[in-house]
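Structural description and commentary
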Amino acid sequence: MAAPIPPGSPVAVVGAGTMGAGIAQVAAAAGHPVFLFDSVDGAVDKALDDLRLRMESSVARGRRSADEAASILELVVGCGWLAECATAALVIEAIVEDLDVKREVLAEIEEHTDPETIIATNTSSLSVTAIASGLAKPQRFVGMHFFNPAPVMPLVEIVSGAATSEVYAASAYATAAEWGKQPVRCASTPGFIVNRVARPFYGEGLRLLDEGAADEVTIDAVMTGSGGFRMGPFALMDLVGLDVNLAVSKSVFAQSFHDSRFAPHTRQQSLVDAGRLGRKTGRGFYDYGPSAQADDASTLPEHVGPAEVEAHGDLGWAAPLLDRLIDGGVRVDRVPAGGPGHIIFDGVHLVPTNGTTATELAATHTLGTGEIAVFDLVHDWDTANRIAVAVADQAAPDTLGKVAGLFQAAGFAVSRLDDSPGLVVMRTVAQLAAVATDAVAVGVATAEDIDTAMRLGTNYPSGPLEWADRIGVRQTVTVLDNMHGSFGEDRYRVPGLMRRRSLTGRHLSEGENDG
Ligand code: NAI
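Below is a summary of the structure that appears in this document. (Residues numbered from 1 in each chain as written. Predicted model: local features only at pLDDT ≥ 70, side-chain atom pairs only at ≥ 80, totals over all residues. Heavy atoms only, no water.)

Brief notes about the environment of L350
Structurally, the position occupied by L350 is in strand β12 (residues 348–352). Since its relative accessible area comes to 0%, L350 is described here as buried. A C-alpha to C-alpha distance of 32 Å links L350 and D438, two positions 88 residues apart in sequence. (Helix = DSSP H or I, 4+ residues; strand = E, 2+ residues; numbered from the N terminus. Buried < 20%, exposed > 50% of the residue type's maximum accessible area, 1.4 Å probe, protein only.)

Given below as structure tokens:
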């Protein structure tokens with residue numbers, strides 16, 4: 001493994017804005033003298049003032065000792081001219097996100113540094129390969145994509161452009177690890193790992209909204225209460241800023257030559273056009289004004305649950321539901337059976353979603369009844385407190401109440417969705433896994449690094465590939481196949497690699513849930 005830059009060697013950070021100031025703090029906390037440069041008068045002074053305030057506050061809150069804070073403050077010094085960065089072992093550029101400006105500044109940095117100095121960019125959306133093309137020695141140029149706020153977020157994507165030499169990328173990786181970060185490696189592709197793989201998290205939510213499957217509050221509540229995500233897509237877009245989110249979506253879509261998996265949504269554009277950018281403007285998908293009233297997620301009223309149910313066949317990822325039913329006082333009779341597992345009670349057939357709507361299942365009569373309901377994927381059956389369900393159009397009017405009563409007996413709040421393929425969590429996770437699989441297939445990153453990046457960069461409760469393995473890879477393929485059939489869109493195509501093998505190393509034949 002390549003060595004990190006030497007302990008105590010100088011680091012230069014060019015651009016003293018949000019990211020540059022944070023990265024300077026991280027490098028100083030690891031014991032490096034840091035030169036901080038900015039082309040705008042007063043920008044470095046402001047960054048140093050802010051750093052002082054952050055240090056004082058972290059000492060006051062007991063997060064670090066006064067000595068540590070003093071040493072960080074002593075190590076970060078402003079410099080007025082790029083040439084002062086000449087002794088740096090690593091230069092990290094964090095200036096404005098503009099290809100031409102970056103090329104120009106980096107050429108100047110190259111001129112003033114030793115040929116062995118690692119030069120890194122913190123770009124979040126530009127191609128590392130393209131930025132490097134103006135350099136005399138692009139081999140030593142690498143992406144070090146920190147996340148905001150840099151001192152807090154553990155993830156750093158180490159991005160290799162077409163010309164980056166392994167030795168420099170490996171050294172940047174080792175340096176980030178030495179600084180207490182969790183680095184992952186990836187190739188310079190649109191969105192790198194996190195901004196690429198995360199697109200369906202927003203995209204599927206937006207399409208569900210458009211299809212009238214549920215409102216924003218309910219989709220968000222299902223994603224948190226059932227999917228285990230910290231925030232749902234709409235609350236998160238409001239936090240990030242609709243304009244920022246749309247810009248990333250457009251950039252990944254354009255750079256991937258319009259791969260439909262990444263297609264931005266007209267709703268994003270119209271909210272941006274209306275100036276509804278999210279929290280920062282007081283209104284996005286939600287209203288944050290002083291008189292705003294929080295809407296409740298749509299939740300079915302209490303119904304009486306069944307005394308007993310029959311569980312037919314293998315329920316796969318949904319099997320732990322039976323334990324929750326038993327804990328809730330429902331008797332469960334397990335009936336061995338082939339074919340997809342399902343639960344029968346009071347004439348209702350309840351099916352874990354496989355990407356087909358309840359109405360389609362009823363129409364094909366595979367279960368011999370019209371009283372069919374489907375339910376959504378759950379991340380953690382021990383802690384989930386909400387579930388999304390849908391009933392077939394053909395079902396009798398009291399079917400929904402019966403289904404609600406069953407899940408309520410198991411301690412779930414129940415949200416009825418329009419009968420949409422794959423409901424909310426399964427649809428999103430299957431698409432995240434598809435995009436992640438495509439990324440592995442074309443060598444963007446390893447499955448392990450993708451899962452790590454998505455857990456640490458976006459706080460997903462599990463990496464999408466590990467999650468797909470838990471669902472069962474074949475089951476995930478079935479879900480995508482069914483959504484593909486239902487929507488008839490290339491967006492839901494099954495990645496060939498996913499049909500061939502599990503991506504986290506488990507062979508399909510070893511899986512319990514892969515039937
Ligand atoms: P910012 O606007 O807060 O800071 C940029 C700084 O660069 C400003 O102080 C500006 O005066 C300075 N600057 C502009 N042109 C310069 C030049 N020619 N020479 C020297 N300094 C110059 O921007 P922010 O958010 O810190 O972003 C910086 C970079 O980090 C961008 O490439 C961005 O894409 C990337 N990034 C941003 C993240 C974020 O959440 N803000 C997250 C990860 C990466």
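Structure's up, so let's keep going.
Some remarks on the packing of helix α16 (residues 425–441) against helix α18 (residues 464–471)
As a packed pair, α16 and α18 sit with axes 8 Å apart at the nearest point and diverge in direction by 120 degrees. In this view, α16 runs oblique relative to α18, as classed from their interaxial angle. Viewed along their axes, α16 and α18 form a crossing whose handedness is left-handed. Contacts between α16 and α18 pair V425, M426, V429, L432, A433, A436, T437 and V440 from the former with P464, L465, W467, A468 and I471 from the latter. Here the contact of α16 with α18 is built from residues that sort into 12 nonpolar, 1 polar and no charged. (Axes fitted to C-alpha atoms, helices over the stretch in contact; angles between N-to-C directions. Parallel < 35°, antiparallel > 145°, perpendicular 65-115°, else oblique. Left-handed = near helix turned anticlockwise from the far one by under 90°. Contact = heavy atoms within 4.5 Å. Nonpolar A, V, L, I, M, F, W, Y, C, P; charged D, E, K, R; others polar.)

What about the nonpolar core?
Nonpolar side chains tend to gather and get buried jointly when the protein is soluble and globular. Ranked by internal contacts, the top residues of the largest apolar core, which has 131 residues, are L325, F375, F407 and I450. Per element, the largest residue contribution to this core is 11 residues, and it comes from α16. (Core = buried A, V, L, I, M, F, W, Y, C linked by side-chain atoms within 4.5 Å.)

Structural notes on the packing of α16 against helix α19 (residues 473–487)
Helix packing for two helices is described by the angle between their axes and how far apart those axes are. In contact at an axis separation of 10 Å, α16 and α19 are set at 105 degrees when each is read in the N-to-C sense. Considering the angle they form, α16 stands roughly perpendicular to α19. Residues M426, R427, A430, Q431 and A434 of α16 touch α19, and the partners they reach there are T476, V479, L480, M483 and F487.

Brief notes about the packing of aromatic side chains
By the definition in use, this model includes 11 aromatic pairs. With a centroid separation of 6.0 Å and an interplanar angle of 80 degrees, the aromatic rings of W381 and F412 are classed as edge-to-face. Of this pair, W381 sits in the loop between β13 (372–375) and β14 (386–391) while F412 sits in the loop between α15 (399–409) and β15 (413–416), and the two are 31 residues apart along the sequence. Each member of the pair, W381 together with F412, is buried. Measuring from ring centre to ring centre gives 5.9 Å for F407 and F412, while their planes differ by 85 degrees; the resulting arrangement is edge-to-face. The pair F407 / F412 is uniform in exposure class, with both members buried. Ring pairing ties together the aromatic residues F201, Y202, F229, Y460 and W467, which thus form one cluster. Here the basic side chain of R207 rests over the ring of F487, its NZ or CZ set 6.0 Å away from the ring centre. (Phe/Tyr/Trp six-rings, centres within 6.5 Å; stacked < 30°, edge-to-face > 60°. Lys NZ or Arg CZ within 6 Å of the ring centre and 35° of its normal.)

Focus on helix α6 (residues 166–178)
For α6, built from 13 residues, the straight-helix expectation of 18 Å at 1.5 Å per residue is met to within 8% by its first-to-last C-alpha distance of 18 Å. What α6 keeps buried is the set Y168, A169, A170, S171, A172, A174, T175 and A176. As for α6, its buried residues are in contact with β4 (90–93), β5 (118–121), β6 (141–146), β7 (155–160) and β8 (182–187). In the segment just after α6, G180 is the residue with positive phi, at about 85 degrees. (Expected span 1.5 Å × (residues − 1).)

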